[in-house]
Amino acid sequence: MSTADDQPITLLEGLATTRAIRRYTDAEIPDADLATILWHAGRAPSGSNRQPFRFVVLRTGDRAVRAKALLGEAFRAGWNAKRHGDGYRPSAFADSMQRYVDRFEQTPVVVLACLERYRGASPYEGASVYPACQNLLLAARAFGYGGALTMWHLGVEDELRALLDIPVDVALSACITLGVPEGRHGPLKRKPVDEIVFDDAWGQRATWI
Ligand SMILES: Cc1cc2nc3c(=O)[nH]c(=O)nc-3n(C[C@H](O)[C@H](O)[C@H](O)COP(=O)(O)O)c2cc1C
């Protein structure tokens, strides 16, 4: 497998460099690439291997376009509330978020990652769907695409259920946007590993790191 610029990346490079990409060109993702990305998403683990994850792909179909319009409103409201609620100052990040939500309807591919419940809602159910979401994002990265996992679809959950025939016993676990990245995206910013690992007991530094 190789990236869009034909530079193959290793699994570890993919893990180290996959970040939220919110700026996309208008280019579509070919069916074959999307199918392969979703195949890899479906290789993820889940409790008892029940594989409860389901993916509703929204592109250019009639209902997809209407769902993207609903989502666009929800994303703009979500970012607006976060921008003001969390006191974001003007910055390149705030600009890119604004652009992301303003252009939401043009997002080439939107995937609603769902979870088909086989019993009532459980606090741990996300553990059976989010690994698949991360597989999806990593597989997209392997092809040179970028994506972002988001939660702002929850603002229009009821409307999406009605529009897309999503049953009540199915959780709408995430909304993932995908496309060909536009411009350059910097490196990941993450805490140093020795801040997030303890050895032997909570709070004990792992001196071997
Ligand atoms: C559980 C979860 C919820 C997220 N929700 C949103 C969201 O609603 N909107 C959004 O733009 N990004 C969302 N993100 C993406 C994160 O903001 C992003 O992964 C994080 O800031 C790290 O940024 P980076 O991947 O660019 O380094 C979410 C990520 C996770 C894992």
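Here is what the cut-offs are and how they apply
- Residues numbered from 1 in each chain as written.
- Predicted model: local features only at pLDDT ≥ 70, side-chain atom pairs only at ≥ 80, totals over all residues.
- Heavy atoms only, no water.
- Buried < 20%, exposed > 50% of the residue type's maximum accessible area, 1.4 Å probe, protein only.
- Helix = DSSP H or I, 4+ residues; strand = E, 2+ residues; numbered from the N terminus.
- Pairing = 2+ DSSP bridges.
- Near = heavy atom within 4 Å.
- Polar contact = N/O pair within 3.5 Å; in protein donor to acceptor, adjacent residues only side chain to side chain.
- Areas by Shrake-Rupley, 256 points an atom, 1.4 Å probe, with all protein chains shown as cover.
- Contact = heavy atoms within 4.5 Å.
- Axes fitted to C-alpha atoms, helices over the stretch in contact; angles between N-to-C directions.
- Phe/Tyr/Trp six-rings, centres within 6.5 Å; stacked < 30°, edge-to-face > 60°.
- Lys NZ or Arg CZ within 6 Å of the ring centre and 35° of its normal.

Undergrad: Let's hear about the pairing of strand β4 (residues 170-179): which residues, and what values?
TA: For β4, the buried fraction is high: 10 of the 10 residues fall into the buried class. As defined by bridge partners, strand β2 (residues 109-116) adjoins β4 across 8 bridges and the pair is classed as antiparallel. Bridge pairing in β4 places Val110 opposite Thr177. Note that strand β3 (residues 146-150) and β4 share 5 bridges and pair antiparallel. The partner of Gly147 across the bridge, within β4, is Leu178.

Undergrad: Residues and numbers for the site of the ligand, please.
TA: The ligand sits among Arg19, Ala20, Arg22, Met97, Tyr100, Leu149, Thr150, Met151, Trp152 and Arg190. Between the ligand and Arg19 there is a distance of 3.0 Å, counted from an oxygen atom to a side-chain nitrogen or oxygen. A distance of 2.8 Å separates an oxygen atom of the ligand from a polar atom in the backbone of Ala20. Compared with its free state, where it exposes 620 Å², the ligand has 61% of that area covered by protein. If you list the elements that add at least two residues to the shell around the ligand, you get α4 (92-102) and β3.

Undergrad: Could you give me a rundown of the side chain of His153, with the residues and numbers involved?
TA: Summarising the element assignment, His153 is placed in the loop between β3 and α6 (157-164). Apart from residues lying up to four places away in sequence, His153 is in contact with Leu71, Phe75, Leu112, Leu160, Leu172, Ser173, Ala174 and Cys175.

Undergrad: Could you give an account of the sheet that holds β3, with specific residues and numbers?
TA: Read from one edge to the other, the open sheet built from 4 strands follows the order β1-β2-β4-β3, with strand pairing classed as antiparallel. Where the open sheet ends on each side, the last strands, each with one partner, are β1 (53-58) and β3. Sheet twist, expressed as the mean angle between neighbouring strand axes with direction ignored, is 25 degrees. The pairing of β1 with β2 spans 6 bridges and is classified as antiparallel. Bridging across to β2, Phe55 finds its partner in Ala113. Each of β1, β2 and β4 is contacted by α6, which is oriented at about 85 degrees to β4, the strand it contacts most.

Undergrad: I'd like a description of the packing of aromatic side chains, backed by residues and values.
TA: Centre distance and the angle of the planes are the two values used to describe a pair of aromatic rings. According to the stated counting rule, one finds 10 aromatic pairs in the structure shown. With 4.3 Å between their ring centres and 40 degrees between their planes, Phe75 and Phe104 make a pair best called tilted. Of the two residues, Phe75 sits in helix α3 (residues 62-85) while Phe104 sits in the loop between α4 and β2, which places them 29 residues apart along the sequence. Note on Phe75: relative accessible area 0%, which makes it buried. Members of the aromatic cluster, each reached through a chain of ring pairs, are Phe75, Tyr100, Phe104 and Trp152. The ring of Trp39 has Arg43 lying over it, and the distance from NZ or CZ to the ring centre is 4.2 Å.

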